[in-house]
Amino acid sequence: MATDSTSQVIERCEQLFEDIDFAAARAWKEAEPGRKVIGYMPVYVPREIIHAGGMLALGVLGGGENIEVIHGDAYYQSYICRIPRSTIELAITKRLDFVDGMLFPSICDVIRNLSGMWKMMFPDVYTRYFDVPQNFRDDIGGTYYINELNELKTGLEEVSGRKIEDDALRRSIALYNENRRLVNDVYALRAKQPWKAPASEVYLVIRAGMVLDVEEHSQLIRDYLAAAEAEDRPPRDNCRILIQGSFCEQPPLNLIKSIELAGCYIVDDDYILGTRWLLEDVPVDGDPIANLAHAFLHQSTDCAAKYEPDGTRKGHFLVETVRRRGAEGVIFASPSFCDPALLDRPMLGRALSQENIPYISFKYAENSGQMQPIREQAGTFADSIKLWSAA
Amino acid sequence: MTDTTSAEETVKEPSMITQKHMIAANYDRLTSAPESGTKVVSTYVPGNLNELIMCFDMVSNLPEINAINNAMRKKSGGYITEAEKQGHSEDVCTYVKADIGLMSKGAIAPNGKPIPPPDLLLLSYTGCFTFMKWFELLRDEFGCETVMLHIPYEGDGIVTEHMRDYVVKQLKDEVIPALERVSGVKFDIDRLREYLRKSAAAEDDLVWVLQSAKNKPSPIDAFFGGVFYIGPAFTAFRGTDEAIEYYVQLRAEVEDRLARGAGPITPEGEMGPEKYRLVVEGTPNWTSFREFWKMFYDEGAVVVASTYTKVGGMYDFGFRHDPDRPLESLADYCLGCYTNRNLVQRVEILENYLEEYEADGLLINSIKSCNSFSAGQLLMMREVETRTGKPAAFIETDLVDPRYFSASNVRNRMESYFQMIEQKRRGGGSATVAA
Ligand code: SF4
Ligand code: SF4
């Protein structure tokens, strides 16, 4: 069988990305009677449990740049980020009318409060605020989280009308482990040979996992990896940077492209972070819920939405990632009005400065149109990095 | 009996003067901690564990109270600019920036002496995500011991057994050991019970005062006056005899006004005839507090119930600290604070206030800083309007950032809102006055 070219894979990803009516997810649901779809917002939910219930986990990352927000603005003041308003817009315009449940993870007070709005606006939809512990001791936060996971499981069983057995959950854990490994492979390829896997492509490939069943997504990643490895693309004289602060509201694709066009290879990022939240495989034997809890407590990524219990380690994860990826600088790119990302930034910036890692910052909205200032800022940053490294 | 202090010509009730002394004494205790050897704990107002802290002879420093104090003394604007100069985003909560700015300017307390650095940061993370980041920022600054108490959110509008257990376990295994370690004092649960018993006594009187606003005319303003009435119960005095005495005094004052059919005391004296009864959702603006209040009392508008006065506990819905369930009741207290309630509950609370207090309508003061309060308020407003048929209005200001208080905008909106209430009284329909 002939392998697809990267452009074929990317074309499919682009279609999925641009389709704010979620045709692929609708088609999945319609393929068999009784199928259910559970939406989730950033940043992390244990998709394994949704999958084990025979349901599709649908990532709802806002409406992006393609949706015109008409109703959503009547729900939010101007000083609140865009993702909740475009998400409301998606729902009001019936683009989420096939979604049977919505999960609102504990990331910030905006998404937290959106869970309550959803309960009021869409009373027929199973709506859950998905709380996670900020205490990482197994006997304290772990016990609490296991209870949360069990409550979530019970709620999802009610939606799907079937019991979620441990074996099904173990199978789902295995599938998501595989998917995560593949996602990590894409990131590793890009870090090694960024000219082979441009950031905008990587973004689209990972983003496709928001609307596809996990196995289909894993296959898509395999196809992309094979095509990207095979394709001959010339390296450029770009510097290597890492993107930080984009874990919730997503930037327009153009912004990602602009950064690369400005001379920066993105060698790591926190886009669509839920797909890489867990850093290791979750064990497939033993108690699956306890395993998911253990992974969350002890093997999960750093993020502004998470408390760092050890003050001396604040920013370490970022510094280590910079080192591991061989990045030469960091671009803090956060959504406007994003409290978690913007409050974290000075602390992370300090950790970087201590290690002499240069950084710049800017803000965006998912529908930012003007790329010129960002391109100029990123271009100047790239030039200065090259100057430093030449010095 | 009221007192007019010369400087600002502000009329003060005796209980306000009592409170002023209490706060001043606490600042003195705080600023003299280095000499007295008292250990300092920084902690937040919502979900604060004052009774527990007292068990360890520690003194509390409450950063929000510092920010409010500085805002009322017109100093917060400078502090915020200072923090922004240091790289803090213009988009984030101004309480945080006012605090950071204050620290970099030497952390001077209202008594003119420096606030000592904390020995312990006790992060009771209740009802606001920003708290968590704020404490990480403070820890970055002070490098002192930090202990976190994570309070799960009432996403489904209920407190489950496992939520309560999680909080109690953190209290037992994280918070109390940290307090023991830093203070060198061993925890005595009977001491805690005694403080909790005192808290409950004060809370009974606080609720009586807040609910006196059900009378017509209301003898209190439950927002502008309310923020003073909640002071001792929400801060470093809950669990003390002083707090009990303060509330006895306050209650007597209110009883007296009630008996006389008098309205609330405003900074300019007793309010004239009550024309409008409002429920207010949201946080006050502290930089133009008096100016804002004047827009109400000049028009005969009194706030009969507010949600801000519930951020440090929803006592009026029955909660009391309970000496028989010491740690469990501290957990329930933290879990039940207003901003830890989901939006469905918040709408129900507002609806209840509008009906129970026979209010004319709802006013939302939406605060730029505060996503915890503000995100979703427009929907809440429409929902409350639909359920009660009473008119609502929406204004936007900020807490401690003077740049976000536009007196003329607020005044215009208030004027149209009062007209709307009049119209409604004459039998007209309701239309929302929005931003
Ligand atoms: S972009 Fe930031 S503030 Fe907005 S919902 Fe996401 S995490 Fe919250
Ligand atoms: S976001 Fe709101 S609740 Fe949180 S610290 Fe700021 S003002 Fe207080």
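Residues numbered from 1 in each chain as written. Chains lettered and ligands numbered in written order. Predicted model: local features only at pLDDT ≥ 70, side-chain atom pairs only at ≥ 80, totals over all residues. Heavy atoms only, no water.

Focus on the overall build of chain B
For chain B, the count of helices and strands is 18 helices and 12 strands. Taken over the C-alpha trace, chain B has a radius of gyration of 21 Å; the compact-globule value for 435 residues is 22 Å, and the two agree within 12%. With the C-alpha coordinates of chain B rotated into their principal frame, the extents come out at 65 × 50 × 45 Å. Buried positions account for 64% of the 435 residues belonging to chain B. At a minimum sequence separation of 6, the contacts of chain B that also span at least 24 residues come to 76%. Surface exposure of chain B reaches about 14,500 Å², of which carbon and sulfur atoms provide 49%. Separation between the mean location of the 47 positive side-chain charges and that of the 64 negative ones in chain B comes to 2 Å. (Helix = DSSP H or I, 4+ residues; strand = E, 2+ residues; numbered from the N terminus. Rg over C-alpha atoms; globule rule 2.2 N^0.38 Å. Buried < 20%, exposed > 50% of the residue type's maximum accessible area, 1.4 Å probe, protein only. Contact = heavy atoms within 4.5 Å. Areas by Shrake-Rupley, 256 points an atom, 1.4 Å probe, with all protein chains shown as cover. Lys, Arg positive; Asp, Glu negative; His and termini not counted. Charge placed at Lys NZ, Arg CZ, Asp CG, Glu CD.)

A look at the interface of chain A and chain B
Taken together, the 54 residues of chain A in the interface contact 58 residues of chain B. For the pairing of chain A and chain B, the buried interface totals around 4,800 Å² over both sides, and the portion due to carbon and sulfur atoms is 57%. Linking chain A to chain B there are 9 salt bridges. The shortest N-O distance in the salt bridge between B:D156 and A:K119 comes to 2.7 Å. On the surface where chain A and chain B come into contact, there are 35 residue pairs in polar contact (both at pLDDT 80 or more). Elements supplying a minimum of two residues to the side of chain A that touches chain B: α5 (109-121), β4 (126-130), α6 (138-160) and α13 (339-354) of chain A. Among the residues making up the side of chain A that touches chain B, the classes are represented as 26 nonpolar, 10 polar and 18 charged. (Buried area = accessible area lost by both parts, 1.4 Å probe. Salt bridge = Lys/Arg side-chain N within 4 Å of Asp/Glu carboxyl O. Polar contact = N/O pair within 3.5 Å; in protein donor to acceptor, adjacent residues only side chain to side chain. Nonpolar A, V, L, I, M, F, W, Y, C, P; charged D, E, K, R; others polar.)

Remarks on the nonpolar core
The nonpolar side chains of a soluble globular protein tend to be buried with one another. In terms of nonpolar packing, the biggest core is built from 276 residues, with A:I331 and B:F296 touching the most fellow members. Residues lining this core come from more than one domain, with at least three contributed by each of domain 1 (14-188) and domain 2 (263-433) of chain B. Aside from chain neighbours lying at most four places away, what touches B:F296 is B:F224, B:L278, B:V280, B:A301, B:V303, B:L363 and B:M414. In this structure, A:V319, A:V322, A:A351 and A:L352 belong to the second largest nonpolar core, which totals 13 residues. (Core = buried A, V, L, I, M, F, W, Y, C linked by side-chain atoms within 4.5 Å. Domains from an automatic or database assignment.)

Description of the pairing of strand β12 (residues 392-397) of chain B
Residue and element names in this part refer to chain B. Within β12, 5 of the 6 residues are buried, leaving the element largely enclosed by the surrounding structure. In terms of strand pairing, strand β11 (residues 361-367) meets β12 through 6 bridges, oriented parallel. If you follow I367 over to β12, its bridge partner there is T397. (Pairing = 2+ DSSP bridges.)

Comments concerning the environment of B:L206
Residues and elements named next belong to chain B. Along the chain, L206 turns up in helix α9 (residues 189-211). When the C-alpha positions of L206 and I230 are compared, they lie 7.3 Å apart, and in sequence the two are 24 residues distant. In this structure, L206 is in contact with Y229, I230, A233, Y247 and Y315, ignoring residues within four places of it in sequence.

Some details on the site of ligand 2
Residue and element names in this part refer to chain B. The environment of ligand 2 is formed by C93, Y95, C128, T130, F131, W134, S369, C370 and L399. By residue number, the principal contributor to the shell around ligand 2 is helix α7 (residues 129-142), which donates 3 residues. Across the shell around ligand 2, the residue classes tally to 7 nonpolar, 2 polar and no charged. Split by domain, the shell around ligand 2 shows at least three residues from each of two domains, domain 1 (14-188) and domain 2 (263-433). (Near = heavy atom within 4 Å.)

Some details on the packing of α9(B) against helix α14 (residues 326-336) of chain B
Residue and element names in this part refer to chain B. Closest axis-to-axis distance for the α9/α14 pair is 10 Å, and the angle between their directions is 50°. Comparing the axis directions of α9 and α14 gives the class oblique. Residue-level contacts link I189, L192, R193 and L196 of α9 to P326, L327, S329 and L330 of α14. Residue classes in the contact of α9 with α14 are distributed as 6 nonpolar, 1 polar and 1 charged. (Axes fitted to C-alpha atoms, helices over the stretch in contact; angles between N-to-C directions. Parallel < 35°, antiparallel > 145°, perpendicular 65-115°, else oblique.)

Quick notes on the site of ligand 1
Residue and element names in this part refer to chain A. Lining the immediate surroundings of ligand 1 are 13 residues, of which C81, C108, I111, C248 and C338 lie closest. Elements with a minimum of two residues in the shell around ligand 1: α5 and α13. Taken together, the residues of the shell around ligand 1 break down into 11 nonpolar, no polar and 2 charged.

Describing the packing of aromatic side chains
Counted by the stated rule, this structure contains 41 aromatic pairs over all chains. Centroid distance B:Y125 to B:F129: 6.4 Å. Interplanar angle 80°. Geometry classified as edge-to-face. Residue classification places B:Y125 among the buried residues on the basis of a relative accessible area of 7%. For B:F129, a relative accessible area of 3% translates into the label buried. Ring geometry for B:Y276 versus B:F418: centroids 4.7 Å apart, planes at 15°, classification stacked. With B:Y276 in strand β9 (residues 276-281) and B:F418 in helix α18 (residues 407-425), the pair connects residues that are 142 residues apart, well separated along the chain. The exposure classification of B:Y276 matches that of B:F418, with both residues buried. Within the aromatic cluster, the residues linked to one another by ring pairs are B:F223, B:F224, B:F228, B:W286, B:F289, B:F292, B:W293, B:F296, B:Y297, B:Y308 and B:F405. Positioned above the aromatic ring of A:Y187, the side-chain terminus of A:R190 is 4.7 Å from the ring centre. (Phe/Tyr/Trp six-rings, centres within 6.5 Å; stacked < 30°, edge-to-face > 60°. Lys NZ or Arg CZ within 6 Å of the ring centre and 35° of its normal.)

Digging into the domain arrangement of chain B
Residue and element names in this part refer to chain B. Domain parsing of chain B yields domain 1 (14-188) and domain 2 (263-433). The straight-line distance from the C-alpha centre of domain 1 to that of domain 2 is 25 Å. Around 2,900 Å² of area is buried between domain 1 and domain 2 when both sides are counted, 61% of it from carbon and sulfur atoms. Among the residues of domain 1 in contact with domain 2, Y153, E154 and R164 are the three that bury the most area, contributing 17% of the side total. The tally of links between domain 1 and domain 2 comes to 3 salt bridges. Seen at the junction of domain 1 and domain 2, the total is 16 residue pairs in polar contact (both at pLDDT 80 or more). Mapped by element, the contributors of at least two residues to the side of domain 1 that touches domain 2 are α3 (50-54), α4 (63-72), α5 (76-85), α6 (94-104) and α8 (161-183).

Let's talk about the layout of surface pockets
Residue and element names in this part refer to chain A. Size it by volume and the second largest pocket reaches roughly 800 Å³. Considering the residues around the second largest pocket, the lining is formed by 38 residues, among which L279, S300, T301, D302 and F317 are closest to the centre. Mapped by element, the contributors of at least two residues to the lining of the second largest pocket are α7 (166-192), β5 (239-244), α11 (288-298), α12 (316-325) and α13. In terms of residue count, the dominant contributor to the lining of the second largest pocket is α12 (7 residues). (1 Å grid on protein atoms, 1.4 Å probe; cavity = no way out; pocket = protein on both sides within 12 Å on 5 of 7 lines; lining within 4 Å. Points joined across faces, edges and corners; volume = space filled by probe spheres on them.)

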